[in-house]
Amino acid sequence: MAALSDIPAARSAGARTTKLAVVGAGAVGSTLAFAALARGSARTIALHDVNRSKVEAEVLDLQHGLMFTPQAQVIGSDDVGVCAGADVVVVTAGAKQKPGQTRIDLAEGTIGLMREILPGLVDVAPDATYVMVTNPVDVVTYAALKISGLPRERMFGSGTVLDSSRLRVVLAERCGVAVGNVHAYIAGEHGDSEIALWSSASIGGVPLLDWEPLGANPPLDAAVHHEVVDSAYRIISGKGATNYAVGLAATRIIEAVLNDEGRIMPVSSLLEDYHGISDVCLSVPSLVDRRGVTDNVRVPMSDEELAGLRASADSVWAVQKRFGF
């Protein structure tokens, strides 16, 4: 692996280039880097991991595919300096959940890791937008905000972007339509207390609650949401981890920032009087552009949905308090 001083500059004079730094070269981080490379999300992709042999191998493997991707360079190191000057830093590194560990145990280990790595990252990439893609993402994002001192706009989590994609896929399959025709969000915690925003969902411009089955497709029922919630457990049971869909989901968040898209996505950000909810990171439809999360969209909710969102907030608050936040 070349020394950092030998790595070509990510930006050339007079050129508008973009740099994505991915922290953590595990299953999610390496898949995310691959997705970003294949999609042409950034001109420079930097991979950082404390495991030097692992990050060197991942970078070399990615570099060998450069002939088949949009123009880019891939660099990597166990030195945090490889992230210097990044426009977006995605943190996928986290404590590994062991058999028998609770969500509290996982949060404790990952928050401890954030205390170790975030100060160095902010030192080398002080102007970057930070996207947390490590679980439990809502609590970790809140802790990361406190540890880093970054403004809420530039530090947020991937939240329920993946969950919302899962919901849309299930709805599309049940209704016999393309996924792109389905508009629906999962909100709240990225976890068991998440809720589906049925009252604002639609298919092809038709409110979901008014949807009539096409052809021989069966009517929709509550099993749709259960299938979404259980899907991650099914994947983990079968292959040990989720990585492809979360890598793609995170890449779309990155592109919304780098391309200044003004895209509405259900990312996890610090809420300030959102339907009366404050001082907690939860996923709600939010405006994502080059500045990060610039606003939360106040989606109309039914009484049941609002109660569910508040219950989800209470669940995350309880974990925050365990760690003194």
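Computed from a prediction, not measured in an experiment: that's the story for all the values here. (Residues numbered from 1 in each chain as written. Predicted model: local features only at pLDDT ≥ 70, side-chain atom pairs only at ≥ 80, totals over all residues. Heavy atoms only, no water.)

J.: Quick rundown of the sheet that holds strand S12 (residues 263-265)? Include the residues and the values.
T.: Sheet strands pair by backbone hydrogen bonding; their relative direction is either parallel or antiparallel. Taken in spatial order, the 3 strands line up as S12-S15-S16 in an open sheet, and their pairing is antiparallel. In the strand order of this sheet, the two ends are held by S12 and strand S16 (292-296), each with one partner. Going from strand to strand, the sheet's axes swing by 40 degrees on average, the running direction of each strand aside. Inspection of the sheet shows strand S15 (residues 286-289) paired to S16 by 4 bridges, in the antiparallel sense. Residue Ser286 lies in a different strand from S16, and its bridge partner there is Asn296. (Pairing = 2+ DSSP bridges. Helix = DSSP H or I, 4+ residues; strand = E, 2+ residues; numbered from the N terminus. Axes fitted to C-alpha atoms, helices over the stretch in contact; angles between N-to-C directions.)

J.: So what about the side chain of Ser158? Which residues, and what values?
T.: Checked against the element boundaries, Ser158 lands in the loop between strand S6 (155-157) and helix H5 (161-175). Take Ser158: its relative accessible area is 12%, and that puts it in the buried class. When neighbours within four sequence positions are excluded, Ser158 is seen to be in contact with Val131, Met132, Val133, Val137, Ile253, Pro266, Val267 and Ser268. (Buried < 20%, exposed > 50% of the residue type's maximum accessible area, 1.4 Å probe, protein only. Contact = heavy atoms within 4.5 Å.)

J.: Account for the sheet that holds strand S10 (residues 202-203), with residues named and values stated.
T.: Pairing is antiparallel in the open sheet, where 3 strands are placed in the order S7-S10-S11. The sheet is open, and its two borders are formed by strand S7 (182-183) and strand S11 (206-207), each paired with just one other strand. Bridge count for S10 against S11 is 2 bridges, and the pairing is antiparallel. Each residue of the ladder has a partner; that of Ser202, found in S11, is Pro207.

J.: So what's going on with the pattern of salt bridges? Residues and values would help.
T.: Taken as a whole and assessed by the stated rule, the structure comprises 10 salt bridges. The salt bridge partner of Glu272 is Arg152, with a shortest N-O separation of 3.9 Å. Here Glu272, found in the loop between strand S13 (268-270) and strand S14 (281-283), pairs with Arg152, found in the loop between helix H4 (137-148) and S6; they are 120 residues apart in sequence, far enough to count as distant. On the basis of relative accessibility, which here comes to 52%, the residue Glu272 falls in the exposed class. In this structure, Glu255 and Arg252 form a salt bridge, with 2.7 Å as the shortest nitrogen-oxygen distance. Within this pair, Glu255 and its partner Arg252 are both found in helix H7 (residues 244-258), separated by 3 residues, close to a single helical turn. Put simply, Arg39, Arg252, Glu255, Glu261 and Arg263 are held in one network by salt bridges that share partners. (Salt bridge = Lys/Arg side-chain N within 4 Å of Asp/Glu carboxyl O.)

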